[in-house]
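What follows is the residue order along each chain.
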Amino acid sequence: MNNLTALVFCFICSIIVFLVVGFNYFALYQLLPTAVFYLFQVTVFKKINGTFQTTCYVLSILMLLIFPLLAQISWYFDINRLASKSSTSGLLFVWLPIYALTAGILPCFVAWMIKPKK
């Protein structure tokens, strides 16, 4: 994915976050995985070499973009009674960026370590 496509995809994820959470400071915290993904997109993943780096790239997309997006959408639309099942269901938005960053930085770091030196 080139940088423009990644920027558009991150922008779409940002719009969805603002629609779900609202336009406030807490939404900026929810955008932390998206910002980290774009940072790695322009630095580590600007040139992907090999299957292993492609696998790391796909894993980082899944963990930093898709996982938080699906969790927020499923909470917003109350899929499987996620939002109304307990009184603490809103804590999802506190821990979601931490979970996404913890799992998403690992493939980015591995791809950065195996990146060919210039």
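Above: the structure in question.
Residues numbered from 1 in each chain as written. Predicted model: local features only at pLDDT ≥ 70, side-chain atom pairs only at ≥ 80, totals over all residues. Heavy atoms only, no water.

Trainee: Got a minute to help me understand helix 1 (residues 3-21) in this structure?
Mentor: When the terminal C-alpha atoms of helix 1 are compared, their 26 Å separation across 19 residues agrees well with the 27 Å that a helix rising 1.5 Å per residue should span. Considered for burial, the residues of helix 1 that qualify are Ala6, Cys10, Cys13, Ser14, Val17, Val20 and Val21. Taken around the axis of helix 1, the buried residues stretch over an arc of 125°, which confines them to a single face. Among the exposed residues of helix 1, those pointing more than 90 degrees away from its buried face are Leu4, Phe11 and Leu19. Residues of helix 1 that are buried sit in contact with helix 2 (25-30), helix 3 (32-43), helix 4 (50-76) and helix 5 (92-113). Gly22 sits one or two residues past helix 1 and shows a positive phi near 105°. (Helix = DSSP H or I, 4+ residues; strand = E, 2+ residues; numbered from the N terminus. Expected span 1.5 Å × (residues − 1). Buried < 20%, exposed > 50% of the residue type's maximum accessible area, 1.4 Å probe, protein only. Arc of directions from axis to C-beta. Contact = heavy atoms within 4.5 Å.)

Trainee: I tried to follow the packing of helix 4 against helix 5 on my own but got confused; where do I start?
Mentor: Helix-helix packing is characterised by the crossing angle of the two axes and by the distance between the axes. Interaxial distance between helix 4 and helix 5 falls to 7 Å at its minimum, and their mutual angle equals 170°. Considering the angle they form, helix 4 stands roughly antiparallel to helix 5. Within the contact between the two elements, helix 4 uses Phe52, Gln53, Cys56, Leu59, Ser60, Met63, Leu64, Phe67, Pro68, Ala71, Gln72 and Trp75 and helix 5 uses Leu92, Phe93, Leu96, Tyr99, Ala100, Leu101, Ala103, Gly104, Pro107, Cys108, Val110 and Ala111. When grouped by side-chain class, the residues that make up the contact of helix 4 with helix 5 number 20 nonpolar, four polar and no charged. (Axes fitted to C-alpha atoms, helices over the stretch in contact; angles between N-to-C directions. Parallel < 35°, antiparallel > 145°, perpendicular 65-115°, else oblique. Nonpolar A, V, L, I, M, F, W, Y, C, P; charged D, E, K, R; others polar.)

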